[in-house]
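Descriptive analysis of the structure
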Amino acid sequence: MDSMVTHGIVGLPWIPWVTRDSIGTLAIPGPSTRQDVVSKLGISQPPEEVVSSPPMLRYDPRIVKNLHKAGVLERDDPRDLFKTHYGKSKEGCIVKGSDRFMMIFRQVCTHLDLDAAKSKGLLVDWYPAHSQRWLSKLSKSWGKFSLMTDLTFLQPVNLIHDYFGARVAFIFAWNGFYCKALFALSLLAIIIELAGWIARSYIDAVIVQKRVVLAFSIVTVVWARLAVNMWTREQQFFLKMWEMTEDSSHEVPRPSFQGEKQPSPADLNLMVKQYPAHSAAARRFCSTLFTLVFCCLVAACIILWFQIFQGNLDLAASVCLSVMIVFFQLVYNLLVPVLTEWENHEYQSTYYDSYVCKQFMFECVNRYSAFFFLAVKQRWTEAGCPHGGCMASLKKQLWMTLLILSASRIAQIFVASIIVRLKIMWEDYNLKKGLKQEGKETPKRSFAELQSKFAETRLQEQIDNMMQLVLALGFILLFGPVAPIIVPFCLAVFVIQLRGSAYMLVRFSKRTLPRQQFGIGIWGTIVNMLMHVSVLFSGFLIIVYGDTFAGTPLLTKMAGIIIYVLCMQVVWLLVDLAYPAQSSATKILQARRDRVRKVVLEKATDLSAKMAEVDEDEDDCSPCSAFRTDDGKFLSVNADLVEEVKQGEWDKIPHMQDAVSSRSGVNKH
């Protein structure tokens, strides 16, 4: 069922038929073309290949009509040209359910702020209703914990896109891809850790640790660049397959956007809500400043934590640090939605990016500052480095803290599912108890009502899930060279997040809005930034703690860091040459789709031109009608022979030479 539930009332947005104007409101190029139409057009493309996926065409009934007359389509019916989606209607619809919902949601948002109505008590709740047919399909192939041991980490990305939208699809595609990438890196990390453990039997442990940092720094740099290039290829392919662009012209203003009605810059006759640019910039500045002040408070608490334990960073210190991280995270999670909403963003995309930027800024300080402090400052404090060296102490603190945080994340996913079950059981218990006293039977709960007890999976939850993954990846990029053993822990976070989130989405979560997003969006920028910072930080560790630059002046050490960064840039360049970010499969997909579009337009245009010629000939000859033969060609027939042709009375129709002679005689008169 593709519907939206509001205050217990179910609106049914099933659209058995669509118009060109209604599809034009979608942020998509149009419906998808049927696979069998490609061969009917005389185009040879192997249908079993993914790169032969048919293109999306803008809906135009004239194209359908002309292709039918040209013999390409059996009927003058859009369902013969476009891919048909079936649900409650046996006839089907050429627009999939998620797009139908967004069409209605956009219209509702232009007149009503659903979240504001819910907060004021006008609505109990609202959410897109789940389709039981789709949930059954996704549960069997995707949303089950038995796939935890599936090391291929394959995701039904197209199904996720069609049901949950592009944003959720790209998040799971990225998550699944990095599970595979981290699995390969985990094997290398374990090998290097084992080699270092064996080497400590023959070489001083401090020297071994320095060699491990240098070796795994290079491995991490190469791996990070290779992973980004491989993901970029995959992302470009999905963007081309779903024919998504960065065009924001289809975005609808957020219902909560505050502004005054003023003439639109695009059309002075159109009045739209606008907010002064300087006021919007001032609000963004103030919210960012508040975030920075809060980050300073967190950093001060971390310094206090270090002073309390005086460099004696045992298990108690790790537990205390983990509790601080979780506590500050919970507090800021309550603040960031208020700050972002106060900025008064007009569009959902800018709201999303601003939310992510502030959240990541805080999480960097909350998660990473303690370890940066240990790496940079500890050796210069009065306590100095403990026995075994500062990097050994940092390594110990890293794996203990990551182990605790990974376990807490796993617990969060299981607790979330248990809470949903307890809410349903508690309500059923109270309902049965009350009805039993009244002597009434317990009514059967509808599936739409059951979903109201499910967990939310809206913007804040989606950002939080993705943030945990990016932060875990950041630990590997920044501190992996010091402690390669943390890579398997981060892999566990990725795998649990992948399977646990899929399980929650199809069993215990309300259906999320099928939002569009151009790839992973701003998350790609954040990952690239972490990569560059990791190169600089690993250079710092190698130069400051290495024997080569021991006792050298500060200027010499800075020059060494610069040389190291430049060398890593050269390594990245070599990786780009060996495995570029551009995929040949994407180019083939684009070429094949362009070919299909060209042939469709050519056939539709040629037919229109032929029909126009027939109409012009009517001025020069006796009245005639046009008929299509079996081979798709058009035949002009005199008007007085139309009935004979229709009835198949071929003996009453004169031969061509007789018809020409008769026609010539008429023209002579």
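Conventions and cut-offs
- Residues numbered from 1 in each chain as written.
- Predicted model: local features only at pLDDT ≥ 70, side-chain atom pairs only at ≥ 80, totals over all residues.
- Heavy atoms only, no water.
- Helix = DSSP H or I, 4+ residues; strand = E, 2+ residues; numbered from the N terminus.
- Buried < 20%, exposed > 50% of the residue type's maximum accessible area, 1.4 Å probe, protein only.
- Contact = heavy atoms within 4.5 Å.
- Areas by Shrake-Rupley, 256 points an atom, 1.4 Å probe, with all protein chains shown as cover.
- Polar contact = N/O pair within 3.5 Å; in protein donor to acceptor, adjacent residues only side chain to side chain.
- Patch = residues over 30% accessible without salt bridge, like charges linked within 9 Å, V, L, I, M, F, W, Y side chains within 5 Å.
- Salt bridge = Lys/Arg side-chain N within 4 Å of Asp/Glu carboxyl O.
- Expected span 1.5 Å × (residues − 1).
- Core = buried A, V, L, I, M, F, W, Y, C linked by side-chain atoms within 4.5 Å.
- Axes fitted to C-alpha atoms, helices over the stretch in contact; angles between N-to-C directions.
- Parallel < 35°, antiparallel > 145°, perpendicular 65-115°, else oblique.
- Nonpolar A, V, L, I, M, F, W, Y, C, P; charged D, E, K, R; others polar.
- Left-handed = near helix turned anticlockwise from the far one by under 90°.
- Phe/Tyr/Trp six-rings, centres within 6.5 Å; stacked < 30°, edge-to-face > 60°.
- Disulfide = S-S within 2.5 Å.

Check the secondary structure of the protein and you find 22 helices and seven strands. The buried share among the 669 residues of the protein stands at 46%. Considering only contacts within the protein whose residues lie at least 6 apart along the sequence, 76% involve residues at least 24 apart. Carbon and sulfur atoms make up 62% of the accessible area of the protein, which totals about 33900 Å².

With that settled, consider the side chain of K510. Its place among the elements puts K510 in the loop between α17 (486–507) and α18 (522–545). Exposure remark for K510: the relative accessible area of 5% places this residue in the buried category. Among the polar contacts listed, one links the side chain of K510 to the side chain of D125, at a separation of 2.4 Å. For K510, the side chain forms a polar contact with the side chain of E456, separated by 3.0 Å. When near neighbours in sequence (up to four residues on either side) are disregarded, K510 contacts D125, Y127, H130, Q451, S452, F454, A455, E456 and T457.

Inspection of the secondary structure assignment puts D80 in helix α4 (residues 78–81). What makes D80 buried here is its relative accessible area of 14%. Leave out the neighbours within four places in its chain, and D80 touches R34, V37, L73, E74 and R75. Looking at D80, its side chain comes within polar contact range of the side chain of R75, at 2.8 Å.

With that settled, the discussion passes to a nonpolar patch on the surface. There is a patch of nonpolar side chains on the surface, built from W197, I198, Y202, I203 and I207 and spanning about 610 Å² of accessible area. Tracing the chain through its elements places W197 in helix α9 (residues 166–199).

Attention now goes to helix α11 (residues 277–309). Side chains three or four residues apart in an α-helix point the same way, a direct result of the helix having 3.6 residues per turn. Compared with an ideal rise of 1.5 Å per residue, which puts 33 residues at 48 Å, α11 spans 49 Å between its outermost C-alpha atoms and is within 8% of the ideal. Turning to α11, its buried residues are A280, S287, T291, F294, C295, V298, I302, W305, F306 and F309.

Let us look at the nonpolar core. Soluble globular proteins tend to bury their nonpolar side chains together. Core analysis: the largest hydrophobic core is formed by 119 residues, its most contacted members being W174, Y178 and W523. With 16 residues, the top contributor of residues to this core is α9. For Y178, the contacting residues outside a window of four places in its chain are W223, A227, V228, L473, F494 and V527. Formed by 20 residues, the second largest nonpolar core is a distinct cluster that contains V38, V64, L73 and V599.

Here α18 spans 34 Å end to end across 24 residues, near enough to the 34 Å set by a 1.5 Å rise per residue. A large share of α18 lies buried, amounting to 17 of its 24 residues.

Attention now moves to the packing of α11 against helix α12 (residues 315–342). α12 packs onto α11 with a crossing angle of 170° between their chain directions and a minimal axis gap of 11 Å. When the axis of α11 is compared with that of α12, the two are roughly antiparallel. Facing α11, whose interface residues are R283, C286, S287, F290, T291, F294, V298, C301, I302, W305 and F309, α12 presents A316, A317, C320, L321, M324, F328, V331, Y332, L335, L339 and W342. Looking at the contact of α11 with α12 residue by residue, the classes come out as 19 nonpolar, two polar and one charged.

It is worth spelling out the pattern of salt bridges at this point. Pairing is possible between side chains that carry opposite charge, provided their charged atoms lie close to one another. Throughout the structure, instances matching the rule amount to 19 salt bridges. A salt bridge links D115 to R458; the shortest N-O distance between them is 2.9 Å. Placement of D115 in helix α6 (residues 114–119) and of R458 in the loop between α15 (447–450) and α16 (459–479) is noted, with a sequence separation of 343 residues between them. In this structure R458 comes out as partly exposed when scored by relative accessible area, which is 30%. Note that D576 is salt-bridged to R225, the shortest N-O span being 2.9 Å. Of this pair, D576 sits in helix α19 (residues 554–578) while R225 sits in helix α10 (residues 205–241), placing them 351 residues apart in sequence.

As a further point, take the packing of helix α13 (residues 348–376) against α18. Between α13 and α18, whose axes approach to 12 Å, the crossing angle comes to 15°. Classed by the angle they form, the pair α13 and α18 counts as roughly parallel. Viewed along their axes, α13 and α18 form a crossing whose handedness is right-handed. Along the contact surface, α13 presents Y352, D353, V356, C357, F360, Y368, F372, L374, A375 and V376, while α18 presents I522, W523, I526, M529, L530, F537, F540, L541 and Y545. Class assignment for the residues of the contact of α13 with α18 results in 18 nonpolar, no polar and one charged.

To continue, consider the packing of aromatic side chains. A full pass over the atoms with the stated rule returns 31 aromatic pairs. Between Y59 and F82, the ring centres sit 6.1 Å apart and the planes meet at 50°, which makes this aromatic pair tilted. Residue Y59 is found in the loop between α2 (35–40) and α3 (61–69), and its partner F82 is found in the loop between α4 and α5 (97–109); the two are separated by 23 residues along the sequence. Given a relative accessible area of 1%, F82 falls into the buried group. With centroids separated by 5.8 Å and ring planes inclined at 55°, the aromatic side chains of Y503 and F508 adopt a geometry described as tilted.

A positive phi is found at F153, a non-glycine position, where the angle reads about 55°. Summarising the element assignment, F153 is placed in the loop between α7 (132–141) and α8 (157–164). Note on F153: relative accessible area 4%, which makes it buried. You will see that N344, though not glycine, has its phi angle at about 60°, which is positive. Along the chain, N344 turns up in the loop between α12 and α13.

Here the focus is the side chain of S186. With respect to the element layout, S186 can be found in helix α9. Those residues in contact with S186, other than ones at most four positions away along the chain, are V487, P488 and L491.

Bringing the state of the cysteines into the picture now. Summed over the entire model, instances satisfying the criterion amount to zero disulfides. Note on C364: no disulfide assigned, nearest cysteine sulfur contributed by C295 at a separation of 8.7 Å.

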